[in-house]
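# Survey of secondary and tertiary structure
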Amino acid sequence: MTTQSPSFPVPNTFELLRAQYVERLPDQLEDLAGPAHGTVDLPLHVVWSGRRSYGLEQLRSRMSLYRTVLAEGQRQDLITYLNRDLLIAQWPVLRTLISRPLRDAWESTFAELTTATAATAA
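All values reported here derive from a predicted model rather than from experimental measurement.

With that out of the way, let us pick up the environment of H37. Mapped onto the elements of the fold, H37 is located in the loop between α1 (13-24) and β1 (39-41). Of the residues examined, H37 reaches a relative accessible area of 61% and is grouped as exposed. With sequence-adjacent residues up to four places away left out, H37 is seen in contact with L56 and E57.

With that out of the way, let us pick up the pattern of salt bridges. On inspection of all chains with the given rule, the structure shows 5 salt bridges. Put simply, R18 and D104 hold a salt bridge, and the shortest N to O gap is 2.3 Å. Remark: D104 occurs in helix α5 (residues 100-109) and R18 occurs in helix α1; sequence separation between them is 86 residues. A salt bridge links D27 to R75; the nearest nitrogen and oxygen atoms lie 3.6 Å apart.

By size, the foremost hydrophobic cluster in this structure holds 29 residues, and its most contacted members are L42, L70, L87 and W106. Those elements that provide at least two residues to this core are α2 (59-72), α3 (75-81), α4 (84-94) and α5. Residues in contact with L42, not counting those within four places in the same chain, are V47, R52, Y54, L65, T68, V69 and Y81.

The final tally for this structure, using the stated rule, is 2 aromatic pairs. Where W91 meets W106, the ring centres are 6.4 Å apart and the plane angle is 40°; that geometry is what we call tilted. A residue pair is termed long-range when its members are at least 10 positions apart, and W91 in helix α4 and W106 in helix α5 qualify at 15 residues. For W91, a relative accessible area of 0% translates into the label buried. With relative accessibility at 1%, the residue W106 sits in the buried group. For the pair W106 and F110, a centre-to-centre distance of 5.4 Å together with 45° between the ring planes defines the contact as tilted. Each member of the pair, W106 together with F110, is buried.

A few words on the packing of α2 against α4. For any two helices packed against each other, the geometry comes down to the angle between their axes and how far apart the axes lie. Packing of α2 against α4 leaves a shortest axis separation of 11 Å and a crossing angle of 90°. Classed by the angle they form, the pair α2 and α4 counts as roughly perpendicular. Contact residues: R62, M63, Y66, R67 and L70 in α2; L86, L87, Q90, W91, V93 and L94 in α4. When its residues are assigned to classes, the contact of α2 with α4 shows 8 nonpolar, 1 polar and 2 charged.

Criteria and thresholds
All residue numbers refer to position in the chain's written sequence, counted from 1. Only residues with pLDDT of at least 70 are given local features in this predicted model, and only at 80 or more are side-chain atom pairs given and counted; all residues enter the totals for whole chains, interfaces and linings. Computation of side-chain values covers all heavy atoms of the structure but excludes hydrogens and water. To qualify as a helix, a DSSP run of H or I must reach at least 4 residues; to qualify as a strand, a run of E must reach at least 2; elements of each kind are numbered from the N terminus. Three labels apply to residues, based on accessible area from a 1.4 Å probe with only protein chains included: buried if under 20% of the type maximum, exposed if over 50%, partly exposed otherwise in between. Note on contacts: a residue pair is in contact if any heavy atoms of the two residues lie within 4.5 Å. Within this document, salt bridges are pairs made up of a side-chain nitrogen of Lys or Arg and a carboxyl oxygen of Asp or Glu, the two lying within 4 Å of each other. We define a nonpolar core as any set of buried Ala, Val, Leu, Ile, Met, Phe, Trp, Tyr and Cys residues linked to one another through side-chain atoms lying within 4.5 Å. Each pair of aromatic rings taken from Phe, Tyr and Trp, with Trp reduced to its six-membered ring, is defined by centres within 6.5 Å and is described as stacked if the planes are under 30 degrees apart, edge-to-face if over 60, and tilted in the remaining cases. Axis definition: a line fitted to C-alpha atoms, over the contacting stretch in the case of helices. Angles run 0 to 180 degrees between N-to-C directions. Working rule for angles: under 35 degrees goes down as roughly parallel, over 145 as roughly antiparallel, 65 to 115 as roughly perpendicular, anything else as oblique. Each residue receives one of three labels: charged for Asp, Glu, Lys and Arg, nonpolar for Ala, Val, Leu, Ile, Met, Phe, Trp, Tyr, Cys and Pro, and polar for the others, Gly being one of them.

No statement about biological role is implied by the geometric values presented.
Next comes the structure, spelled out in structure tokens:
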């Protein structure tokens, strides 16, 4: 029995994941109106097990919050829980903690993030 390959291109996992992340992105980074201080409690649809409360004053807690919301949040979650200035400030480290398709979706859409990374490296 011979198996034939499909006559249409099959997207790879990277492309599929990246496309899903791109669909959820805000129109611009200025739309990210989340808090810069205090405590954030995430809803169950974003974090369905484990830690749900994050203190923004502690770097590790803030990084964990951003990593979770970036990976699991929908467009409105990104806008509600992420803060533009905090995202840009911590992007050089945060980008190393998230998946490649997620990182590529954000960096190819928002030049400010690659600028922040380049400035940190210099």
